[in-house]
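Listed below are the residues making up each chain.
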Amino acid sequence: MEWWKKAVVYQIYPMSFKDSNGDGMGDLGGVLEKVDYLKKLGVDIVWMTPIYESPMDDNGYDISDYYKINPLFGTMEQFEQLLDALHERGIRLIMDLVVNHTSDEHEWFRQARKDKSSKYHDYYIWKDRPITDQQSFFSGSVWEYNEETEEYYYHLFSRRQPDLNWDNPEVRKEVYKLINWWLDKGIDGFRMDVIDLIGKIPEESIMYGEKSHKYLQEMYRECFEGREAFTVGETSFATPVSAPLYSDKERKELTMVFGFEHLGLEEVKGNGKWDLKPLDVNELKQVFLVWQKALHEKGWNSLFWSNHDQPRIVSRMGNDTVYRKESAKMLGMILHGMQGTPYIYQGEEIGMTNVKFALEDYKDVETINMVKEKQEAGWSMEKIMKGIYAKGRDNARTPIQWNAGKNAGFSEHEPWIGINPNYKEINVEEAIKDEDSIFHFYQKLIRLRKEYEIISTGDFELLFEEDRRFFAYKRQADDRTLVVIANFTGESVVCDCTDEITFKEGRVLLSNYDRNSVEKIMSLRPYEAVMYYM
Ligand code: ISL
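All of these numbers come straight from a predicted model, not from anything done at the bench.

**Q** Tell me what's going on with the overall build of the chain, and back it up with residues and numbers.
**A** Along the chain, the regular secondary structure elements total 15 helices and 20 strands. Over its C-alpha atoms the chain spans a radius of gyration of 23 Å, differing by no more than 12% from the 24 Å that the globule rule assigns to 534 residues. The principal-axis extent of the C-alpha atoms belonging to the chain is close to 75 × 55 × 50 Å. Taken across its 534 residues, the chain has 49% of its residues classed as buried. At a minimum sequence separation of 6, the contacts of the chain that also span at least 24 residues come to 65%.

Structural data, given as structure tokens:
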């Protein structure tokens with residue numbers, strides 16, 4: 001079995017992880033201070049979001065030089081030191097590859113916007129007029145006027161993130177060059193930002209799979225063939241049909257991709273991410289079922305509840321007040337019991353929660369642009385704030401709460417973004433002290449994946465498929481069975497397994513209460529979850 005089939009990834013958003021030089025912003029020195037923490041948790045891979053030179057219009061997803069470290073985060077020497085420190089501990093490091101677009105301050109774009117005859121002009125996408133009324137992800141038209149050339153350039157994200165023209169072979173060559181440069185430096189792979197969009201045809205559709213697949217295969221040949229690198233595509237538009245195409249080993253594209261279907265179920269269809277409706281647990285179960293089946297032996301799943309763009313999962317699908325610990329563990333167990341590679345977003349392992357800031361304290365470009373747009377569209381402030389509390393990206397970007405001390409132990413200085421006021425109760429120091437903490441539960445989840453091959457290999461079947469109170473499933477490999485049964489509600493419920501499953505002699509591998517046996521009829525406490533192996 002490939003090594004990554006038993007691996008667990010930890011995502012670091014460096015700005016908010018740990019500050020080492022007292023400027024209020026997390027940095028490489030801060031990550032270096034915490035490598036033993038990562039080792040203690042037991043993760044195999046660290047994915048670090050962008051640390052390259054950037055004007056930080058989108059917190060580093062706007063890169064102005066792919067070969068330089070942003071001084072806000074530190075130096076290249078510190079980067080190399082960190083890479084060594086992780087490797088010494090048997091942890092691999094993957095970097096973020098943001099090549100759908102660059103910053104408007106990248107040298108290529110500076111040249112491109114100045115001069116139509118520059119070879120860099122064709123590195124980007126230009127039209128004489130806005131040829132569509134398509135909206136960018138961060139509000140406003142995708143077409144932005146450029147005075148110098150009297151043309152419009154195309155940007156799917158902020159206007160300071162012009163899209164690269166992937167149809168230009170020179171662009172692709174530059175991208176392959178930088179990938180190889182970083183791989184030669186010793187990093188272990190990439191998470192590829194919005195990589196399913198590189199095949200876009202602006203006149204028709206932003207999702208044009210055929211071309212994306214073709215370019216990814218070319219990239220594989222030029223960069224990854226013969227290397228043991230790990231790649232995961234951020235593919236917001238991947239479906240159970242396209243995900244196996246991206247991740248089928250034989251096709252030589254990517255190791256795996258992120259599917260987002262399970263995180264779009266609270267959105268009113270077609271209205272974007274801010275218009276919300278309550279989650280239907282049965283829909284959630286169906287989405288996982290379909291993806292588990294679609295990729296079983298045909299590709300590979302990424303398993304994730306959160307990242308730097310998503311709200312905190314315990315606030316989103318659990319209960320972040322009375323049953324914070326129980327529900328955070330329950331959600332962890334459901335996800336980590338499936339087939340795929342789990343990703344833990346920083347702070348998830350201690351059950352960090354969403355925040356409610358005053359409007360002026362939000363920093364995210366997406367949130368700021370959205371407020372303007374929705375106000376103009378006549379939304380009430382109440383509805384807008386409700387959206388931000390539930391879905392705003394800054395929920396995931398508050399500093400890691402290391403201890404109950406000044407600024408939660410994150411920095412000596414006032415942090416760049418507010419700290420969640422609950423840091424006195426919820427912090428790493430507390431979690432490590434408490435044997436019963438979410439941290440120790442995650443530690444066990446990571447260990448179980450290594451000890452029980454069935455977690456990586458078994459097939460997947462839902463139990464209690466129609467019953468909204470439960471999220472339960474069965475994994476099967478040869479004559480062994482792994483069962484996960486979770487009470488997805490805040491009430492005690494009776495779980496009658498008579499028609500669902502026959503328990504054989506076996507053992508409880510993990511419980512978020514003190515359960516050490518299972519029965520045909522059992523009462524499950526609020527958010528109780530149990531993993532049983534037989
Ligand atoms: O979070 C989103 C908007 O609500 C998503 O649409 C998100 O923008 C999309 O998944 C792409 O995300 C990635 O690329 C963006 C960057 O802002 C995100 O942080 C990154 O994860 C542009 O580079």
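Back to the write-up after that little detour.
**Q** Break down the site of the ligand for me, citing the residues and quoting the values.
**A** Around the ligand, the surrounding shell holds 14 residues, and the nearest of these are Asp58, Tyr61, Phe157, Ser236 and Asp309. Here the residues of the shell around the ligand sort into five nonpolar, two polar and seven charged.

**Q** Which residues make up the nonpolar core, and what are the values?
**A** The biggest cluster of nonpolar side chains holds 136 residues, and the ones touching the most others in it are Val46, Val484 and Ala486. Non-local contacts of Ala486, meaning those with residues more than four positions away in its chain, are made with Met330, Met333, Ile334, Phe470, Phe471, Ala472 and Ala529.

**Q** Tell me about the domain arrangement of the chain, and please be specific about residues and values.
**A** Entries for the chain in the domain assignment read domain 1 (7-100 + 169-444), domain 2 (107-154) and domain 3 (456-533). Once you take the C-alpha centre of each, domain 1 and domain 2 turn out to be 29 Å apart. Facing eight residues of domain 1, the contacting portion of domain 2 comprises eight residues. At five residues, helix α11 (residues 365-376) tops the list of elements feeding residues into the side of domain 1 that touches domain 2. Partitioning the side of domain 1 that touches domain 2 into residue classes produces four nonpolar, one polar and three charged.

**Q** Would you mind going over the sheet that holds strand β1 (residues 9-12) in detail, with residue names and values included?
**A** Sheet architecture is open: eight strands sit in the order β11-β10-β9-β5-β2-β1-β13-β12, paired in parallel fashion. The sheet is open, and its two edges are formed by β11 (256-258) and β12 (302-304), each paired on a single side. Between one strand and the next, the sheet's axes are offset by a mean angle of 25°, whatever the strand orientation. Pairing between strand β2 (residues 45-48) and strand β5 (residues 92-97): four bridges, direction parallel. Paired with Val46 across the two strands is Leu93, which belongs to β5.

**Q** An account of the environment of Asp479 is requested, with residue identities and associated values reported.
**A** Considering the arrangement of structural elements, one finds Asp479 in the loop between β15 (470-477) and β16 (480-487). Classification of Asp479 as exposed rests on a count of 7 C-beta atoms within 10 Å. On a C-alpha basis, the gap between Asp479 and Glu151 in space is 65 Å, while along the polypeptide they are 328 residues apart.

**Q** Can you tell me about unusual backbone geometry, naming the residues and giving the values?
**A** Excluding glycine, a negative phi dihedral is what most residues carry, and trans is how most peptide bonds are arranged. At Glu150, a residue that is not glycine, the phi angle is positive and equals roughly 55°. Position of Glu150 relative to the elements: it lies in the loop between β7 (143-146) and β8 (151-154). Phi at Asp478 takes a positive value of approximately 55°, unusual for a residue other than glycine. Position of Asp478 relative to the elements: it lies in the loop between β15 and β16. On the basis of neighbour count, Asp478 is assigned to the exposed category, with 9 C-beta atoms found within 10 Å.

**Q** Which residues make up helix α14 (residues 438-451), and what are the values?
**A** Across its 14 residues, α14 extends 20 Å between first and last C-alpha, which sits within 8% of the 20 Å expected from 1.5 Å per residue. Along α14, the residues that are buried comprise Ile438, Phe439, Phe441, Tyr442, Leu445, Ile446 and Arg449. For α14, the angular spread of buried residues about the axis comes to 165°, placing them on one side. The inward-facing, buried residues of α14 abut α2 (35-41), α10 (324-336), β13 (341-345), α13 (428-433) and α15 (453-457).

**Q** Residue-level account of the packing of helix α5 (residues 169-185) against helix α6 (residues 209-224), with values.
**A** At a closest axis distance of 10 Å, the pairing of α5 and α6 adopts a crossing angle of 45°. By the angle between their directions, the pair α5 and α6 is classed as oblique. For the crossing formed where α5 meets α6, the hand is right-handed. Seen from α5, the contacting residues are Arg172, Tyr176, Ile179, Asn180 and Leu183; seen from α6, they are Tyr215, Glu218, Met219, Glu222 and Cys223. Taken together, the residues of the contact of α5 with α6 sort by class into six nonpolar, one polar and three charged.

**Q** Could you give an account of the UniProt feature "domain: Glycosyl hydrolase family 13 catalytic" (unreviewed entry) in the chain, naming the residues involved and the relevant values?
**A** Following the UniProt record, the feature "domain: Glycosyl hydrolase family 13 catalytic" (unreviewed entry) maps to residues 11-397 here. Within the segment residues 11-397, helix and strand shares are 33% and 13% respectively, and the terminal C-alpha atoms sit 12 Å apart.

**Q** Go over the packing of α10 against α14, please, and point to the residues and values.
**A** Where α10 meets α14, the axes come as close as 10 Å, and the angle between the chain directions of the two elements is 15°. Compared by their axis directions, α10 and α14 come out roughly parallel. At the point where α10 passes α14, the crossing takes the right-handed sense. For the pair α10 and α14, contact is made by Lys325, Ala328, Lys329, Gly332, Met333 and His336 and by Ile438, Phe441, Tyr442, Leu445 and Arg449, respectively. Residues belonging to the contact of α10 with α14 are distributed by class as follows: six nonpolar, two polar and three charged.

**Q** Describe in detail helix α4 (residues 107-114), supporting the description with residues and values.
**A** Restricting attention to buried positions, one finds in α4 the residues Trp108, Phe109, Ala112 and Arg113. Within α4, the buried residues cover an arc of 115° as seen down the axis, which keeps them to one side. On its buried face, α4 is in contact with β7.

**Q** How would you sum up the pairing of strand β20 (residues 529-533)? Please name residues and give values.
**A** A large share of β20 lies buried, amounting to four of its five residues. Inspection of the sheet shows β16 paired to β20 by five bridges, in the antiparallel sense. Counterpart to Leu482 in the pairing with β20 is Tyr533. The pairing of strand β18 (residues 507-511) with β20 spans four bridges and is classified as antiparallel. When the sheet's bridge partners are listed, Val508 is paired in β20 with Tyr532.

**Q** Residues and numbers for the sheet that holds β7, please.
**A** Here we have three strands laid out as an open sheet, ordered β6-β8-β7, and antiparallel in their pairing. Of all strands in the sheet, those with a lone pairing partner are β6 (126-127) and β7, marking the two edges. Of the pairings in the sheet, the one linking β7 to β8 comprises four bridges and is antiparallel in character. Bridge pairing in β8 links Trp143 to Tyr154.

Criteria and cut-off values
- Residues numbered from 1 in each chain as written.
- Predicted model: local features only at pLDDT ≥ 70, side-chain atom pairs only at ≥ 80, totals over all residues.
- Helix = DSSP H or I, 4+ residues; strand = E, 2+ residues; numbered from the N terminus.
- Rg over C-alpha atoms; globule rule 2.2 N^0.38 Å.
- Buried ≥ 20, exposed ≤ 12 C-beta atoms within 10 Å, placed from the backbone.
- Contact = placed C-beta atoms within 7 Å.
- Near = placed C-beta within 6 Å.
- Nonpolar A, V, L, I, M, F, W, Y, C, P; charged D, E, K, R; others polar.
- Core = buried A, V, L, I, M, F, W, Y, C linked by C-beta atoms within 7 Å.
- Domains from an automatic or database assignment.
- Pairing = 2+ DSSP bridges.
- Axes fitted to C-alpha atoms, helices over the stretch in contact; angles between N-to-C directions.
- Expected span 1.5 Å × (residues − 1).
- Arc of directions from axis to C-beta.
- Parallel < 35°, antiparallel > 145°, perpendicular 65-115°, else oblique.
- Left-handed = near helix turned anticlockwise from the far one by under 90°.
- UniProt positions renumbered as here; feature names shortened; annotations may be inferred.

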